[in-house]
Amino acid sequence: MCAFTGLPPIPRDRPVLIAGPTASGKSALALRIAREDGGVIVNADASQVYACWRIITARPTPEDEAAAPHRLYGHVAWDQPYSAGHWLREVRGILAADARPIIVGGTGLYFAALTEGLAEIPATPPDIRARADAMALDDLIAGLDAPTAARIDLANRARVQRAWEVLATTGRGLAAWQEATPPPDLPVSQTVPLLVEAGRDWLLERITARFDRMLERGALDEVAAMDRRYDATLPAFKAIGVPELVAYHRGMCTLDEARARVAISTRQFAKRQRTWFRARLGDWHRLRPDGDVPPG
C-alpha cells in the first residue's frame, strides 16, 4: 500500500515536486500520482542519471517505467560531465511539453536550481579541475574569496572545491555569481511541493532492507561490470554502495564489512538530506509514510 499522511489535494494540471531522503518512498508516491492523475515522472536524483547504475541507485524498475512515462533516468554515460545546470536545461525542455511533470528525487540542489534559479557559471576547464583535485581542503579554503567562504559549508570538500574552481575559472566568486541568479524556471508557488519526512528508526530499517534486496537483484554484478573503469574522483562512482562493493569485489573487505559500510554511508547521507530539506523547504507540504511504502 502506497499511503502518506498529510497528502494535499493535487490538481491534475499542476506540476508536482516530491523531495525526501533516500528510501523514504518518494518514487512510489510519484508513480501513484502518475497512474491515478497522469503526468511524466522526472528524475531529480544525481546518482540515478547514470546509465551504468540501475540496481545500486534504486532506479525505477522496467515495470515501473512501463507503467508511466519516466524522464532523465539512466541517460548519462559514466564519464560524462553532468551538473545541476545540465539537469535544469533538460528539465526546461520537459516543462515546455504538454504533459504535467512530477519531479521526484533527493538532490536538493536540483530543486533549488528549478525553484530558486541557477546562475549560468562557465564550466571548469580540465586543467583547473586537475589542480583542484590535487589540493588539500585547507588550501582550497585559503583560496576562496571572503563572501563565498562565509556562505558555504567549509567542511564539505565538494562544495569548497566547486567554489575554488569557479573563482579560478572566472575570476569572480561563487557568491557574486549567485547574487546575479536569474528568475526561477518553476517557482514553488506554481507547484504542489511535497516533502516526505520519515522517522529515523523507520528509515534506517528500510535502508538496510533495501540494500539486501539490491544484492539479491544483482548489485554486485552491476558493480563488477564497471570495476575496471572505477575512478573515485568521478561523480558516477560516488554513488552510495559503489565504492564499498568495489572494495569487496577487489578482495579488500568481506561482504559483511561492505554491507556495514554502506549502511553507515546511507544513514549519513539521509541525515544530510533531512537537514538540508528542513532548512530550505520550509513551506513545502510535509508527508509521513503510512503503511508499507516501497523504498525509493
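Scroll up to find the structure this text is about.
### Topic: the overall build of the chain
Then step 1. In terms of regular secondary structure, the chain is built from 13 helices and 7 strands.
Then step 2. Its C-alpha radius of gyration of 19 Å places the chain within 12% of the 19 Å reference for a compact globule of 296 residues.
Then step 3. Here the chain, with 296 residues, has 46% of them falling under the buried criterion.
Then step 4. Taking all contacts inside the chain whose residues are at least 6 apart in sequence as the whole, residues at least 24 apart take part in 76%.
Then step 5. Carbon and sulfur atoms form 52% of the exposed surface of the chain, whose accessible area is close to 14,300 Å².
Then step 6. Within the chain, one finds 37 positive and 36 negative side-chain charges whose respective centroids are separated by 2 Å.

### Points about the sheet that holds strand β4 (residues 70–71)
Then step 1. On the basis of which strands lie adjacent, the open sheet formed by 7 strands has the order β1-β7-β6-β2-β5-β3-β4 and mixed pairing. For this open sheet the edge positions go to β1 (4–5) and β4, each flanked by a neighbour on one side alone.
Then step 2. Pairing analysis gives 2 bridges linking strand β3 (residues 40–43) to β4, with the strands arranged parallel. Bridging across to β4, Val 42 finds its partner in Arg 71.

### Thoughts on helix α4 (residues 108–116)
Then step 1. Of all 9 residues in α4, 7 are buried, a share of seventy percent or more.
Then step 2. Of the positions making up α4, those classed as buried are Gly 108, Tyr 110, Phe 111, Ala 112, Ala 113, Leu 114 and Thr 115.
Then step 3. Where α4 is buried, its residues touch β2 (16–19), α3 (84–95), β5 (101–105) and α13 (255–280).
Then step 4. The positive-phi residue at the C-terminal boundary of α4 is Gly 117, with phi of around 100 degrees.

### Let's talk about the packing of aromatic side chains
Then step 1. Under the criterion given, the structure shown has 6 aromatic pairs.
Then step 2. Geometrically, the ring pair formed by Trp 53 and Phe 237 is edge-to-face, given 6.1 Å between the ring centres and 80 degrees between the ring planes. On the criterion of sequence distance, the pair formed by Trp 53 in the loop between β3 and α2 (62–67) and Phe 237 in the loop between α11 (219–226) and α12 (242–249) is long-range, its members being 184 residues apart. The same class applies to Trp 53 and to Phe 237, which are both buried.
Then step 3. Centroid distance Tyr 230 to Phe 237: 5.3 Å. Interplanar angle 75 degrees. Geometry classified as edge-to-face.
Then step 4. Look at Tyr 230 and you get partly exposed, because its relative accessible area is 23%.

### So, the environment of Asp 145
Then step 1. With respect to the element layout, Asp 145 can be found in the loop between α6 (137–142) and α7 (146–149).
Then step 2. Between the C-alpha atom of Asp 145 and that of Pro 60, which follows or precedes it by 85 residues, the distance is 42 Å.
Then step 3. Setting aside residues no more than four positions away along its own chain, Asp 145 makes contact with Leu 167, Gly 173 and Leu 174.
Then step 4. Engagement of the side chain of Asp 145 in a polar contact is seen with the side chain of Thr 148, the distance being 2.9 Å.

The rules behind the values
- Along each chain, residue indices are assigned from 1 in the same order as the chain's sequence is written.
- In view of the model being predicted, local features appear only for residues whose pLDDT reaches at least 70, and side-chain atom pairs are presented and counted only at 80 or more, with totals across whole chains, interfaces and linings using the full set of residues.
- To get the side-chain values, all heavy atoms of the structure are used, and hydrogens and water are removed first.
- To qualify as a helix, a DSSP run of H or I must reach at least 4 residues; to qualify as a strand, a run of E must reach at least 2; elements of each kind are numbered from the N terminus.
- Values of the radius of gyration come from C-alpha atoms, whereas the globule rule sets the reference at 2.2 Å times the count of residues to the power 0.38.
- Classification of residues uses two cut-offs on accessible area relative to the type maximum, computed with a 1.4 Å probe and protein chains only: under 20% is buried, over 50% is exposed, and between them is partly exposed.
- Throughout, a contact is declared for two residues whenever any of their heavy atoms are within 4.5 Å.
- Per-residue and other accessible areas were derived by the Shrake-Rupley procedure at a 1.4 Å probe size, with only the shown protein chains allowed to occlude residues.
- For the charge count, each Lys or Arg is scored as positive and each Asp or Glu as negative, with His and the chain ends excluded.
- A charge is said to be at NZ when it belongs to Lys, at CZ for Arg, at CG for Asp and at CD for Glu.
- Strand pairing is assigned whenever DSSP identifies at least 2 bridges connecting the two strands.
- Ring pairs are drawn from Phe, Tyr and Trp, using the six-membered ring of Trp, whenever the two centres fall within 6.5 Å, and their geometry is named by plane angle: stacked under 30 degrees, edge-to-face over 60, tilted for the rest.
- Think of a polar contact as two N or O atoms within 3.5 Å of one another; within protein, one of them needs to be a possible hydrogen donor and the other a possible acceptor, and neighboring residues in sequence only count if both atoms come from side chains.

These results come straight from atomic positions and should not be treated as a statement about function.
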